[in-house]
Structure formats: C-alpha cells, structure tokens
Amino acid sequence: MSDAGYDHATVERRWQEAWDEEDAYRTPDDVEDPTYVLGMYPYPSGKLHMGHVRNYTITDAYARFRRMQGDDVLHPMGWDAFGLPAENAAKERDTNPRDWTFDCIETMTEQMESMGFGYDWDREIATCTPEYYQWNQWLFERFHEEGLVERRDAEVNWCPHCETVLADEQVEGEAELCWRCDTPVEQRELEQWFLKITEYADELLEAIDDLEGWPNSVRQMQRNWIGRQYGAEVDFEVSEAPRASDGRGEGSEPREYGPVTAFTTRLDTIHGATFFALAPDHPISEALAEEDEDVRRFVEEEADPDGDEPNGVATGLTATNPATGDEIPVYVADFVLSDVGTGALMAVPGHDERDHIFAEKKGLDIVPVIAPEPEAGEAPEAPDVEEAAYTEDGVLINSGDYSGLDSETARERLTEDIDSAEEATQYQLRDWGISRQRYWGTPIPVIHCEECGPVTVPEEDLPVELPEFINTTGNPLDAAEEWKQTTCPECGGPAERETDTMDTFVDSSWYFLRYVSPGLEDAPFDLERANDWMPVDQYVGGIEHAVMHLLYSRFFTKVLADHEGLEHREPFTNLLAQGMVQLEGEKMSKSKGNVVSPQRIVEEYGADTARLFMMQAAQPERDFDWSEEGVRSTNAFLARLKGMVEDYVSDEPAGDDDAVASYVDGEIEATIALATDEYDDLTFNKALRETQDLVRTLRQYRDYAEPHAETYERGLSAVVRLLAPVAPHLAEELWDELGNDGLVADAAWPTAEVDRDHVTKRRRLVENTREDIRDIVEVAGIEDPNAIDVVVAPDWKYDALEIAIESDADNLIGELMQESHIREQGDAAADYGQDLQAEREALSMTLSPEAEYAALESAAWLIEREFEAPVTVVGADEADEGALANAEPGRPAIEIDD
RNA sequence: GCGAGGGUAGCCAAGCGGCCAACGGCGGCGGACUCAAGAUCCGCUCGUGUAGACGUUCAAGGGUUCGAUUCCCUUCCCUCGCACCA
C-alpha cells in the first residue's frame, strides 16, 4: 500500500453534490424540537481562516453525530454582514460596501461548501439585507416603547481611526485600544442612543449561576463585567472653609455647596475619613476651576487618570463627616473617576491603599479605626497604618459608640443611624451605547424634528433603508442630503433623519432567533416555533465574545421574554469556547505572517484530512499547534483506511468465526461504546483516538489471519460511521463501497451492547496479562519460549473475592471459612484469604471467571503473535495445583515453558 | 491587587482517591518486511532485578486517609480576564 493519499478532490466533489441533491441538511419547519447546533456566524471577510474551520468543524461534527443518532437537527449559517471593514474596503477599491460584502459572502460560501459543512442553506441570513435589518429597527422601537432606549449626552469612547464611537466592551485593556484596529481610544462628548441593559443587570448577573453548560471562565468574565457591589451612599456637607472666604471681601458668608453624595463599600471606616475627594469633572470641581487658578490648572492640565500616581489639589473647601461632625479637607483628585460610584468619595487612608498613598503625599492624617479581630477575651489592638493601610474587615476602634462592633454590623448600624446614608448598589456595567457614526450598519429609525424632538419612524414606514454609498470622509449618511431630509411623522414639518447606525452587535444579539423563520415578513421570528426550538442546545465560538456578544444576546433574550412572549430567558444552553489554532505556539496572524491557509490544505490533502487532523489534535477548548507532519499522517490514515475497505470489497475473506474474530468483535463493541460517550461530550479527540485504534486492530487482524468476513465488515462499517461526523466525504465514499444504500449522513449511529465498565475491565485484564508475560520473559531471560499457559483462577476465589468486598467483618478468614466450598480448599483458602485481608480496602470486583476465560482466549493470538509460541488458556479444572496457587481473579497464573 | 484556569516522564498530553511507573502521540532505540529508502507492523524508552518484584517519581512543603498524581491548606511559577472601582 503506498502512502500517496487518495483522490480527495473527486471524492469530495461527488458527495457534496450528492448532499445537495438530497437536501441532506434541510430542517423542515414542522419538526418539533430539533437539536439546535450553532457556530457563531462569521464576518464575511472573504476568506475562511483556520479559526473558522475549527469552529465550524466542531459544530458540523456534533450536528452530524446527533443527526445519525436520530435527532432532528437545526444547523444553520449566516453572515454578520454589516461593519466597518466593508466600508474601508469599498473606499480602497472604489466600489461600495454592499457589492463588496456580497462578493465576500459568495466566496466564503464556496469555501464552506468545499469543507463539507452541512448547513441548511435555506435558512441563511445576511444582516445587511433590509429583510433582516428592518427587524433591528423594529426591535429598537419595541425597546423604545418599553422604556429601554434612551438618548443622552455622554462622554463616549471614540476611535479616531474608525471614526466612530465604541461601547465600553469594545475598548480593550489598560491601554484602551479599539477592539478592531488597536488604535488608542479617545473620549468625546456626543449625543447617543443607549439600550438600557443596566435594567437587567441583576438578572444577567444572578442567572449566570444557572448557566451550567457554560465554561467557568466565561461565566466569571461576565460576573466581573457586570461588577455588582453592595455598599452605601452617604452625604457630606461641603462648604467653603471660613478662612477661604476672606479673600472675597469682608462680610461674605462662606459659600455652601450643599450635600455631596459619596459611595462607599466600607461605611464601617467612616470615623477614619480624613479627607474627601472629588473627580476632576465633578460639577463642583468644574465650578471651582472657573475661579480658582490652582484647581483650573490641575483639572485641565495635570490630572492624569491613567497615571500610576494619584495626584490632587486642595480646594479650600471642607466637608463635614456625618459620623463625627469633623470638618475634613476637600481635594480634587485624579484617582477619583466620575463614572465610578458618584464621582466623589470619602477617603480613609488608614484602610484603603490608594487613599493611603495620597495621604502620605499630601501629609494628611492617617487614623486607624479598624483592628484585626482579637483573640477571644483580648482587647482589639490598633494596627500600624503608618506604612500601609489595613484593608481587611475587623473590629471598630476609635469610632465612638461604634467601637467594638465588627465591620459587618457597624456597616448596618451606621447605614441606619446616619440620616443621609442608605444602602446602595453599584454596577460596573453601563448602558449600551449603540450609535455608530458609520454608513454600513442599520440606520437608527429616528427622525429629528425641531418642533417635536427625536421621533421614531412609524412602524409602517420601516425599514429605513440605507441610501447609496457616498465615498466621503466622515459619516456617509451625513452626506446623503436627499436621504437625510424628510418630514416629521408627527407634525409634518421639515426634519432630518438620524444619521448614526447601530452597533453591529445589535444584529448578532438575536440572529439565532431569525434562523427559526428566516423569511418571515411580519415579525422578527415565529414566536411559536421559537418557543419550541429555542434555546440553542450547543453554541460554539471564540472566547473573544465572552462579554460582548454573549452578554448582549442574553439581554435581548430577556427583553423578548418580558415583552414579546418568548418563553426562554437564556439563549444558549451549552457553550463551548473553542481554543486557538496556533503555529509554533503563536497565534496565527497576518501581521506575523504565520498563517496556514485552509484553502491550501484542502487542495493538497482534502477537507476530510483538515477536519480530522483538527478534531483529533486536541480537545476543542484547548489551543493546539498546527503541524504539517500531523496533517500528513492523518491523510495517510485515511488513505490506508480506504485501501482496507477496497481490499475487503474486492476480495472478501473467508476466515472462521474463531477466537480471534471474537476478540475483534469485542473491540468493535468497546470502541463504539467509548467513542459514542466521547462524541456526546464533544471530546472528539478521544472519540477519534478510539476509532483509529480500532482501525489498527482490524489491520492487525487482517495481517495475522484470514478474517471472518462478517466480523471484519462489521468493524469497517462501525469505523466508517464513527468517522462520518468528522470526515464526511470519505465516509460516504466508503459507506457506498461497503454496499450500503443511502447516505452515511442519514445512517444509524452504531450501537454497542457492552458498557464502559465491562470494556475497561476486559482491556485491563488482557493488557496486564501481556505485560506480565513480557516482564517474566525479560526478567527470567527467556530467549525463546516454547509454550505459554495462562491459567484462570478457580471459581471459589471469585466467590471469596466477592465475599471480601461485601464483608465488613474484622476477621475475613473466619467469614470465608463459613462457606463450605471455600473451606474445602484448606491451606489454599487460608493463603488467599490472607492476601484478601491484606488488601481489604483496595479490592474491586473483576469480570466473572467465564468472562475472563473468554477474554483471554480471544486475546491469545496477540500473545502468540508477540512471543511466537503457542498459548493455551487453561481453565481452573484442568490446571495443576502449583499453577492455581498463583492465579487470582483479574490476574491469571502464567506458566512459561522454555 | 482581585478573579478564573493550569503546572504530570525528552516534548505534547490523558488520568483527577486503590486497577498508576502513570492511556495515547511525537521524538529516540531495537526488531520484522524490503536490494535499499519510505510506509507499515512488533517491542523498548526512571533505576535495580535470572518468573510477573522492589525502590524513587506526577511544581515545592505540610495535612486528611489503611492508601493521594487524584482531596484539603500554604508557597512558588505559568496563562487568561478585570482593575487608581471608592
């Protein structure tokens, strides 16, 4: 057999056409509750990369597995077709985003078909079509009606390269880089449309606990992102310190700024608050900046919220600590952020590290008010807070009436006792700003009227379609004058359209619902069918969407459940975050130039090889290295398998149904049992390892003896079907060659009678026995054994073992001797009983004596082949006493004649 | 700093209370086949050992247990996410 591979191109084309003709992957609308398998739809960049191939091979393999198991399966594909790259590409190539996008979709569709992915293309969607995006607009208006849309002036993240705003989720890392182009993000003040995802913050957070089919990492990332914190808000009266008014002339009263609210999680430390700090853009800071040169300079020139050092400037104001009545100085400080808490904080240098650093720098008081929990009966001892803050909870000291309370209780009491204090919950999650100053997106369906303000477009006027693309700097919609000018739907006066489009994450927040009824013209999705078919049973995609897409989709699903009658509150039951395909430990990327092109691999080795190599290389969630060597050997494996099937078909063997055949039969059963479990768990690598092992066994069988045709064919047939989810084309080819009618895609998954436990015990027995023989031969220096006897233990030892496992008597020997047939064994029984007693705790049940005999008998050929000596498996009744003494359940005695 | 996930023989990587000197693969070594190479097949790959044994190992150190690679604690290291978050 040569290693030259096989004609994959012909095979793959033939079966892709056959699937097409048969509509093999269509899901009729009338199925009841299909298994919904979904990969995150791609942005149509024009080229399928290895990440896509891995992602979609996982979903495809799982979908095929479930279909062969008899499930109805929904496995659709679509396009995340709006987005900036299309706009940039259109500018560069002097075309328009629509044509460019559809070109890309066409080539990527071809690439997907060449990979053999089995999608229901009748359900294909592309978000850039008015048929799709009208429902973005409709949903926007429904959200609006439900009070979940808000327009407000906001400080927003602005990417100067993309010339658009970004959601907080789209800004990455400490350096605050744009998620698409890695440009440092700037801040801008803009009027924006927001979806009020914060209204769902609590549910989005709490429901994470029930997402048991999700990886912990993703769940944790979402928890962090929502960032709920319980604490208290408390007011500090802020006013000019008496002396500060002197400069303004006599008689003027100190100016009052009134109560300023601070948020704290550590109200228990309030007695140690020795200064108060405001964010540079807090209204009071801004007011002060107008008249105080020092504050102005700090706010406008010195404040550096990104710096490591906390900086600040004294204001001359004081704040009244509501717990102590003390006047404490007020600073404007850059470590106070206006979007965290209330933009103002009480600073407790004794118990907060950052406050401590600032206090040291400005020479402010540092007072310990919390002591570590003392030993029982001892008095709390103040911690040394001169060098560093003590940040743990503990017992209050220096806190008046509250001294002696533990932190937790003190927080509750102080919240009750201080008039202005009340419990408050802070979230890190912000509302989702969806306005984008770009052309290639869903127009926000709003008309701005001077008289009526912003008015949503009436439902009957939807969709608001995009005008022709204008190649301009800035927002093309702004330049589309004719499109922009319209009339107000309320007063009929002249008005202008909103020129911002929606974040493309709006599109992807509900696309999984559209697949249920992709052509529906009067609603975004068929409610009844969505209720039957949702949620997605298995969702697969990259970890990069852990927060953005997956959080927004959960939000949309909950809103649709509350207001549109959807009976599901979570979109994705099981989530798999697949690992990266790397090259020499590094992420493949265009900039590094270490990209392996799937197209090249498909041409050279075929789609089946690419798919099989990827699926066997690692567990789906792990990163792994692409290896050309691995690809070659995978290809060789498929070619060998093809050769085996062809050899079998052209020249059917006529061997007996002997012991060897029964061994092979047992291995077929075992492989089916194990591989099926692994497919269920999506651990394709293990399933495929088992399958490849079976191929090896079959080959060994063929090479050792004339195979029993029925057994050998059963093995080949099982292998072909176990491989079919991952290498579907070749599986079809071989299924056909084996003389089956119909597609393997529709064939029944093979089933096994045996369970895992039986399989592992049998394999272990055989393996251990072979291992023992090798040991003996080597250690005893036997050059060339003449004969090997394998002696199975007598029945009474199995009985004794069972008794020993079940017994909890102290004296096991006594218990055993109550059985007459054991007692009859005399010294042998006593000896074995002692062995059992010694290993009491570690005993476990073996196969039955008959099963052990059969297993060894059928595996004897392996030993004969290896040692080139006849092997006899001896039953206990035929064996001599010397041999029997060494035989135990799970461990036959071995006699080698040399 | 906080949180999540990890650290297993030359490398990759399973195992996650006894079946474990620890699956599998790669690499290396030896053998079969072959004119030869490749492919394929059979072994070996911590140490000692003339009958299946013993000794030392699963980041380091403690602990629980009759028994720990597997459970608990501490420390160190790696990867990822979040973070001047009040």
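Use the structure listed above.
Quick look at the structure, then. This one's a predicted model, so the numbers in the text were calculated from it and none came from an experiment.

Scoring rules and cut-offs
- By convention here, each chain's residues receive numbers from 1 onward along its written sequence.
- The naming scheme follows written order: chains are lettered A onward, ligands numbered 1 onward.
- Local features in this predicted model are restricted to residues of pLDDT 70 or higher, and side-chain atom pairs are both shown and tallied only at a pLDDT of 80 or more, whereas totals for entire chains, interfaces and linings draw on every residue.
- No hydrogens and no water enter the side-chain calculation; it runs on all heavy atoms of the structure.
- Going along the chain from the N terminus, every DSSP run of H or I of four or more residues is numbered as a helix, and every run of E of two or more is numbered as a strand.
- Criterion for a salt bridge: a side-chain nitrogen of Lys or Arg within 4 Å of a carboxyl oxygen of Asp or Glu.
- To sort residues, take the accessible area from a 1.4 Å probe on protein chains only and compare it with the maximum for the residue type: under 20% means buried, over 50% means exposed, and anything in between is partly exposed.
- Between any two strands, pairing holds if DSSP finds at least two bridges.

Glancing now at unusual backbone geometry. Geometrically, the link from Leu462 to Pro463 is a cis peptide bond, its omega value of -5° lying close to zero. Mapped onto the secondary structure, Pro463 falls in the loop between β22 (453-456) and α12 (476-479). Of the consecutive residues Met534 and Pro535, the connecting peptide bond is found in the cis state with omega at -5°. Looking at the secondary structure, you find Pro535 in the loop between α16 (527-533) and β26 (536-542). Despite not being glycine, Asn398 has its phi angle at roughly 50°, a positive value. Residues other than glycine seldom take positive phi values, yet Glu868 does so here, at roughly 50°. Here Glu868 lies in the loop between α30 (849-867) and β32 (871-874).

Okay, the pattern of salt bridges next. Evaluation of the coordinates by the stated rule reveals 61 salt bridges. Put simply, Asp120 and Arg123 hold a salt bridge, and the shortest N to O gap is 3.1 Å. The pair Asp120 / Arg123 is uniform in exposure class, with both members buried. Note that Arg266 and Asp393 form a salt bridge whose closest N and O atoms lie 3.5 Å from each other. Of this pair, Arg266 sits in the loop between β11 (256-264) and β12 (275-278) while Asp393 is found in the loop between β16 (370-371) and β17 (395-396), placing the two residues 127 residues apart along the sequence. The exposure class of Arg266 is buried, given its relative accessible area of 15%. Taken together, the salt bridges that share partners define one network made up of Asp23, Arg26, Asp29, Asp120, Asp122, Arg123, Asp526 and Arg529.

Spatially, the 3 strands line up as an open sheet ordered β29-β28-β30, and their pairing is mixed. Edge positions in the open sheet fall to β29 (586-587) and β30 (624-625), since each of these has one partner strand only. Direction of pairing for strand β28 (residues 581-583) relative to β30: parallel, over a ladder of 2 bridges. Of the residues in β30, the one forming a bridge with Gln582 is Asp625.

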